[in-house]
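Chains, contacts and geometry: an overview
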Amino acid sequence: MYQTRLEKTLPQVRERIAEAATRAGRQPTSIRLVAVTKGHPLEAIRAALACGVRELGENRLGELEEKRRRLEEMADGPGPDSAVPRWHMVGHLQRRKAPGVRKAAHLLHSLDSLRLARRLERTAPDGCDPLPTLIQVNTSGEESKYGFTPEDFRSQVEEILEMPSLEVQGLMTMAPLTEDRDLIRTTFRRLRELQEEARETHADYRGRELSMGMSNDYELAVEEGSTLVRLGTVLFGERPE
Ligand SMILES: *Cc1c(COP(=O)(O)O)cnc(C)c1O
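Residues numbered from 1 in each chain as written. Predicted model: local features only at pLDDT ≥ 70, side-chain atom pairs only at ≥ 80, totals over all residues. Heavy atoms only, no water.

Turning to the site of the ligand, a few remarks are in order. Near the ligand the following residues occur: Lys38, Asn59, Val90, Met174, Met214, Ser215, Arg230, Leu231, Gly232, Thr233 and Arg239. Lys38 places a polar side-chain atom, nitrogen or oxygen, 2.7 Å from an oxygen atom of the ligand. In the model, an oxygen atom of the ligand is placed 2.8 Å from a nitrogen or oxygen of the Gly232 main chain. Notes on the ligand: free accessible area 390 Å², of which the protein chains cover 92%. For the shell around the ligand, the class distribution of residues is four nonpolar, four polar and three charged. (Near = heavy atom within 4 Å. Polar contact = N/O pair within 3.5 Å; in protein donor to acceptor, adjacent residues only side chain to side chain. Areas by Shrake-Rupley, 256 points an atom, 1.4 Å probe, with all protein chains shown as cover. Nonpolar A, V, L, I, M, F, W, Y, C, P; charged D, E, K, R; others polar.)

Below, the structure is given as structure tokens:
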């Protein structure tokens, strides 16, 4: 069921990403698609892998860990099934669970507070590889959203850049749930501008990734410079849970 659906939706979505990139004068290959499988069974992941998807996203660490473990138990030896995915943790990470993310995920999209950064730094094993991470900024200003305010990002990013156990690869944001396309676009544009500003202000800021765009707004996000779109519903359908 997932396989049949994905064989239809995936080429459509890739085409739309490519068209949006072209409209903005960007290379379609500069945008990576992260398939967000939260709420879907393992079958969805296996279908995605079979269709060539290699970047998988989950918004809860426990679900990510469990799916990753079950998938690795199933995959034995080389062969088409052994395609190794990269795991993206895209949702809010509770501080007490922070240490686990280093083992579980290849990229943390949702470093959303200085306290979380400090916890990750303090609990990092000696000599560990730095955790690739994106800093989540609330560029929509909505109360309900996690993330640094742009002001806090400006004043606190330096401390994060100095943490040896974190490697800041860019920024992430979530657009408001609204029909107002201009508002969504502004939310994305602010993130891009904030990154440009950080690159000019901090010699040691090397972030290039912009994680923005979900099922409802990924084409706008690509037009505004997204390098990572996080897509669930448009690929897999409504979540069963
Ligand atoms: C669920 C989720 C997505 C995907 O949302 P869709 O609207 O289903 O594409 C993307 N990013 C985050 C952080 C999510 O929690």
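So, on to helix 2 (residues 42-50). Turning to helix 2, its buried residues number three or more, namely Leu42, Ala44, Ile45, Ala47, Ala48 and Leu49. Summarising the contacts, the buried residues of helix 2 are in contact with helix 1 (2-23), strand 2 (55-58), helix 3 (61-74), strand 3 (86-89) and helix 9 (233-236). Of the residues trailing helix 2, Gly52 is marked for its positive phi of about 95°. (Buried < 20%, exposed > 50% of the residue type's maximum accessible area, 1.4 Å probe, protein only. Helix = DSSP H or I, 4+ residues; strand = E, 2+ residues; numbered from the N terminus. Contact = heavy atoms within 4.5 Å.)

Overall, the coordinates contain 19 salt bridges when judged by the stated rule. Between Glu219 and Arg16 there is a salt bridge; the shortest N-O distance is 3.3 Å. Of the two residues, Glu219 is situated in helix 8 (residues 218-223) and Arg16 in helix 1; the sequence distance between them amounts to 203 residues. Given a relative accessible area of 23%, Glu219 falls into the partly exposed group. Close ionic contact of Arg23 with Glu223 constitutes a salt bridge, the shortest N to O distance being 2.8 Å. One end of the pair, Arg23, is in helix 1; the other, Glu223, is in helix 8, and 200 residues separate them in sequence. With a relative accessible area of 51%, Arg23 lands in the exposed category. (Salt bridge = Lys/Arg side-chain N within 4 Å of Asp/Glu carboxyl O.)

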